[in-house]
Amino acid sequence: MARDATLVKPKPKTESWKHALQAHKWLYIMIIPGVLYMVIFNYLPMGGLVMAFQNFSPYNGDSIIGAFIQSPFAGLDVFKKLFTGPDFFMLLRNTLSISITSLIFFFPAPIILALFLNEIKSTAYKRLSQTLVYIPHFISIVITAALTAQLFSTTDGIVYHWLVQIFGKANAPDIMSNPNLFVPMIVGQNIWKETGYGTIVFLAALSGVDVQLYEAAEVDGANRWQKMWHITLPAIKGTIIIMLILKVGSILSTGYEQIFLMQNSMNRSVSDVFDTYIYTKGVINGNYSLATATGLFKSIVSMIMVLGANKIAKLFGESGFY
Amino acid sequence: MAVTKSMKIKRSPGDQLVQVIIYLVVGLFALVTVLPFIYVIAGSFATERELTERAFFLIPKTISFNAYQYIFKTGDAIRGLGNSIYVTVVGVIINMVFSCTLAYPLSRPYFKGRKFFTNMVIVTMLFSGGMIPSYMLIANVLHLKNSFWALWLPGAINPFNMIIIKNYFQGLPAELEEAARIDGCHDFQIFLKIILPTSKPVLASVSLFYAVTHWNSYFNAMMYISDKSKEVIQIVLRRIVFLTSSVAMDSGFDWGVFGTPPEKAVKMATTVVATIPILLIYPFVQKYFTQGVMVGSVKG
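Reading the values: rules and limits
Residue positions within a chain follow its written sequence, with the count starting from 1. The order in which chains are written sets their letters, starting at A; the order in which ligands are written sets their numbers, starting at 1. Local features in a predicted model are, by the rule used here, given only for residues with pLDDT of at least 70; side-chain atom pairs are given and counted only at 80 or more, and totals for whole chains, interfaces and linings are based on all residues. Put simply, DSSP H or I for four residues or longer makes a helix, DSSP E for two residues or longer makes a strand, and each gets a number counted from the N terminus. Whether a residue is buried, exposed or partly exposed is read from the other C-beta atoms within 10 Å of its own C-beta, which are placed from the backbone; 20 or more gives buried, 12 or fewer gives exposed, and intermediate counts give partly exposed. Working definition of a contact: two residues with C-beta atoms, positioned from the backbone, lying within 7 Å. Between the two quantities, the radius of gyration covers C-alpha atoms and the globule rule is 2.2 Å times the number of residues to the power 0.38. Expected helix span is computed as 1.5 Å times (number of residues minus one). Either an automatic procedure or a domain database provided the assignment from which the domain bounds are taken. The nonpolar class holds Ala, Val, Leu, Ile, Met, Phe, Trp, Tyr, Cys and Pro. Asp, Glu, Lys and Arg form the charged class, and all remaining residues, Gly among them, are polar. Summarising the geometry, the arc corresponds to the directions from the helix axis toward the C-beta atoms. Working definition: the nonpolar core is a set of buried Ala, Val, Leu, Ile, Met, Phe, Trp, Tyr and Cys residues, joined through C-beta atoms within 7 Å. Only the stretch in contact is used when a helix axis is fitted, and all axes are lines through C-alpha atoms; the angle between N-to-C directions ranges over 0 to 180 degrees. Each angle receives one of four descriptions, namely roughly parallel if under 35 degrees, roughly antiparallel if over 145, roughly perpendicular if within 65 to 115, and oblique otherwise. Note on convention: near helix rotated counterclockwise from far helix by under a right angle means a left-handed crossing. Clockwise means right-handed. What pLDDT conveys is the predictor's confidence in a given residue, as a value from 0 to 100.

Asker: Explain the overall build of chain B to me, using residue names and the numbers behind them.
Answerer: Secondary structure assignment for chain B yields 15 helices and 0 strands. Within chain B, the fraction of its 300 residues that count as buried is 39%. Long-range contacts, defined here as pairs at least 24 residues apart, represent 76% of the contacts in chain B between residues at least 6 apart.

Asker: Let's hear about the overall build of chain A: which residues, and what values?
Answerer: Of the regular secondary structure elements, chain A holds 17 helices and 0 strands. A compact globule built from 322 residues should have a C-alpha radius of gyration of about 20 Å, whereas chain A, at 26 Å, is more than 25% larger. In terms of principal-axis extent, the alpha carbons of chain A reach across some 75 × 65 × 35 Å. A total of 322 residues make up chain A; the buried ones form 35% of that total. The contacts in chain A between residues at least 6 apart in sequence include a share of 64% that link residues at least 24 apart.

Asker: How would you summarise helix 17 (residues 288-315) of chain A if you had to cite specific residues and measurements?
Answerer: Look at helix 17 of chain A: 40 Å from first C-alpha to last across 28 residues, which is about the 40 Å you get at 1.5 Å a residue. With its phi angle positive at about 80°, Gly317(A) sits one or two positions after the end of helix 17 of chain A.

Asker: Tell me what's going on with the domain arrangement of chain B, and back it up with residues and numbers.
Answerer: Residue and element names in this part refer to chain B. Domains assigned within chain B are domain 1 (13-74 + 244-297) and domain 2 (76-228). Here the C-alpha centre of domain 2 lies 32 Å away from the C-alpha centre of domain 1. Each partner contributes residues to the interface: domain 1 has 13 residues there, and domain 2 has 15 residues. Broken down by secondary-structure element, the contributors of at least two residues to the side of domain 1 that touches domain 2 are helix 4 (66-74) and helix 15 (263-297). Counting residues per element, the side of domain 1 that touches domain 2 draws most heavily on helix 15, which supplies 10 residues.

Asker: I'd like a description of the interface of chain A and chain B, backed by residues and values.
Answerer: How big an interface is tends to be stated in terms of accessible area lost as the parts join. Tallying the contact residues gives 83 residues for chain A and 84 residues for chain B. Among the residues making up the side of chain A that touches chain B, the classes are represented as 58 nonpolar, 16 polar and 9 charged.

Asker: Tell me what's going on with helix 8 (residues 123-134) of chain A, and back it up with residues and numbers.
Answerer: All names here are of chain A. Taking 1.5 Å per residue, 12 residues should reach 16 Å; helix 8 reaches 16 Å between its end C-alpha atoms and fits that length. Those residues of helix 8 lying buried are Ser-129, Gln-130, Val-133 and Tyr-134. Buried residues of helix 8, seen end-on, are gathered within an arc of 120° and therefore sit on one face of the element.

Asker: Please provide a residue-by-residue account of unusual backbone geometry, values included.
Answerer: Residue and element names in this part refer to chain B. A positive phi angle is found at His-143, which is not glycine, with a value near 55°. Take His-143: it is sitting in the loop between helix 7 (131-141) and helix 8 (149-152). Exposure remark for His-143: the 12 C-beta atoms within 10 Å place this residue in the exposed category. Phi at Asn-146 is positive, roughly 65°, even though this residue is not glycine.

Asker: Residue-level account of the nonpolar core, with values.
Answerer: Counting 134 residues, the largest nonpolar core has Val142(A), Ala103(B), Ile165(B), Leu237(B) and Ala269(B) as the members making the most contacts within it. There are two domains that each give this core at least three residues, and those are domain 1 (13-74 + 244-297) and domain 2 (76-228) of chain B. Sequence-distant contacts of Val142(A), defined by excluding residues within four places in its chain, comprise Leu261(A), Tyr218(B), Gln234(B), Leu237(B) and Arg238(B). Grouped together as the second largest cluster of nonpolar side chains are 5 residues, Ile242(A), Ile245(A), Val306(A) and Ala309(A) included.

Asker: Tell me what's going on with the environment of Asn118(A), and back it up with residues and numbers.
Answerer: Residue and element names in this part refer to chain A. Mapped onto the fold, Asn-118 is located in helix 7 (residues 108-119). A C-alpha to C-alpha distance of 7.9 Å links Asn-118 and Leu-206, two positions 88 residues apart in sequence. Those residues in contact with Asn-118, other than ones at most four positions away along the chain, are Leu-206 and Thr-232.

Asker: Give a description of the packing of helix 7 of chain A against helix 11 (residues 182-207) of chain A that names residues and reports values.
Answerer: Residues and elements named next belong to chain A. It is at 7 Å that the axes of helix 7 and helix 11 come closest, and there the two elements cross at 55°. Accordingly, the angle class assigned to the pair helix 7 and helix 11 is oblique. The element helix 7 and its partner helix 11 pack so that their crossing is right-handed. Along the contact surface, helix 7 presents Ala-109, Pro-110, Ile-111, Leu-113, Ala-114, Leu-117 and Asn-118, while helix 11 presents Ile-191, Thr-195, Gly-196, Gly-198, Thr-199, Phe-202, Leu-203 and Leu-206. Considering only residue class, the contact of helix 7 with helix 11 consists of 10 nonpolar, 5 polar and no charged.

Asker: Tell me what's going on with the environment of Phe202(A), and back it up with residues and numbers.
Answerer: By the secondary structure assignment, Phe202(A) is in helix 11. Considering only alpha carbons, one finds Phe202(A) and Gln130(A), 72 residues apart in sequence, at a separation of 13 Å.

Asker: Provide a residue-level description of the confidence of the model for chain B, including the pertinent values.
Answerer: Residue and element names in this part refer to chain B. Averaged over all residues, the pLDDT of chain B equals 85, while 88% of them reach at least 70. Within chain B, no element has a lower average pLDDT than helix 1 (residues 2-7), which sits at 45, and none a higher one than helix 8, at 96. Here residues 1-7 scores under 50 on pLDDT; set against residues more than four positions off or in separate chains, the count is 6 contacts. This stretch, residues 246-252, has a pLDDT under 50; its non-local contacts, to residues over four places away or in other chains, come to 6 contacts. Scoring of the predicted complex yields 0.86 for pTM and 0.84 for ipTM.

Asker: Before we move on, could you go through the confidence of the model for chain A and cite the residues and values that matter?
Answerer: Taken residue by residue, chain A gives an average pLDDT of 87. The fraction at 70 or more is 94%. Ignoring residues within four places in sequence, the model shows residues 1-5 of chain A, a span with pLDDT below 50, making 2 contacts including any to other chains.

Asker: If you had to explain the environment of Pro33(A) to someone new, which residues and values would you point to?
Answerer: With respect to the secondary-structure elements, Pro33(A) resides in helix 3 (residues 25-47). Beyond its immediate sequence surroundings of up to four residues, Pro33(A) is in contact with Phe98(B) and Thr101(B).

Asker: Talk me through the packing of helix 8 of chain A against helix 2 (residues 13-44) of chain B; I want residue IDs and the actual numbers.
Answerer: Where helix 8 of chain A contacts helix 2 of chain B, the two axes come as close as 8 Å, and the packing angle between them is 35°. Considering how the two elements wind past one another, helix 8 of chain A and helix 2 of chain B form a crossing that is left-handed. In contact with Tyr125(A), Ser129(A), Leu132(A) and Val133(A) of helix 8 of chain A, helix 2 of chain B contributes Tyr23(B), Val26(B), Gly27(B), Phe29(B), Ala30(B), Thr33(B) and Val34(B). Broken down by class, the residue content of the contact of helix 8 of chain A with helix 2 of chain B amounts to 8 nonpolar, 3 polar and no charged.

Here it is in structure tokens:
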């Protein structure tokens, strides 16, 4: 058929590159911007990781490339300095305490809210609640921080004012500066901001459940918990596992935007995490090698965590992340 | 019908109580998410005196526009808004051009090299050079400090968003393309004339994801932009709420009958100014967000 000459059927084994380039010239032209972008902004910085194995200074050599060439090779010295340095244990403790607390309290929150929303029969009530709880997701972390500061400020914060009335002046929690309350504050902000939006993926999975399953279960006399346990939870199990893999992969990434905003001189002992450390050491203090090494350590750990979690999910017969 | 009848099986009192609790918990959570906004909006229109004297209110007794007057007078927040709108609009165009042109070839089964390029994307999702090499690239190699390009280029393609688009393209019926090919269209024409117009829902969703990212991002702006005339709204907000301990006692400003500079109200009003654009468009675009997440959650 004449059509086959233009409509190239997939024959990857036999089709030559020359033929592919001729037949689909435009696809190869189209992909150029994207590939260039990835090479420059994703792959080129990976080359910059060489700084982690150097005593890098941008003032070595007369150009930035010269600086890479002329900076002395340091082997694993920078890592040694990082792991044995006084900050490492503190950073690890602070980072893990935020991410583990968040794994325990923040991770299940959208699942629970989705299960609750799923139980609501009134469409109007459900839709209104959904509209409202999604809102904070679209608000920047600066605004979240600003709201926290305005509501919990010890001088004029309205929530602090209530807390004083409930607990008394001496016991009212000052979350903005009490180091013990830093982690709950960060996790609490995340729960407030992202729980609602996080329900969408689970509700999407639940929308695929055949209503007849619930009806059949009801006929068989199943109660609410039995239906939840045997119908609803299995329907979102795959989604939960994928979200968990992603979460586990970011165990060392607490993000810097939020922490940076909530950090102050009073809570620094608990609020310095790997991400803020990298920014402060690298961008502010210009200690590029140490900051890059910290970043590389983080990247490697998170890659191992994602691949490991994915593997475990597959061992248990789940489809995993990819 | 037996099925509908079975749905009317009587609930036990305990079960009804659970139902009530579920409604209450969901309602309470929804309330907690919106109350801060309402309080801050109300507060931004209140006088400083009322803000210090009354514990909590959703409607101020005396409506005052002092805070907004101050904001307009100093101009920072308004300029920040303008910059943010500019950064967001141009940024989203760049995002969409880069993401769609990458997504389309990757979505075609007959695209030779597809696997290689797809893996190239997946690697960037699993591993990255981290903050410092990227910072050096932008600041020292490309010299983009104090340029909006520093905000546009680094995140031009978000792999997750790109994959959402790619999956959508993949799901389009092949007949669409075949018909155009018989008419003599080449790949790029098919992409422009057939694929993009039929993909409007996903393009809307992903554009909004990108728009929210641009509008809300402050860290890159903080790292790369020091020129005050290029401050985005989030930076202005952070400065006014966290860094300024008191609003300047601007002697050239007439505070009218309410007297004192409304420091607290100014903070609230700036928060409102930074939030309002999102809240205004949110009801109209909400469905695209949920739609996008749903498309994205279907694995491809």
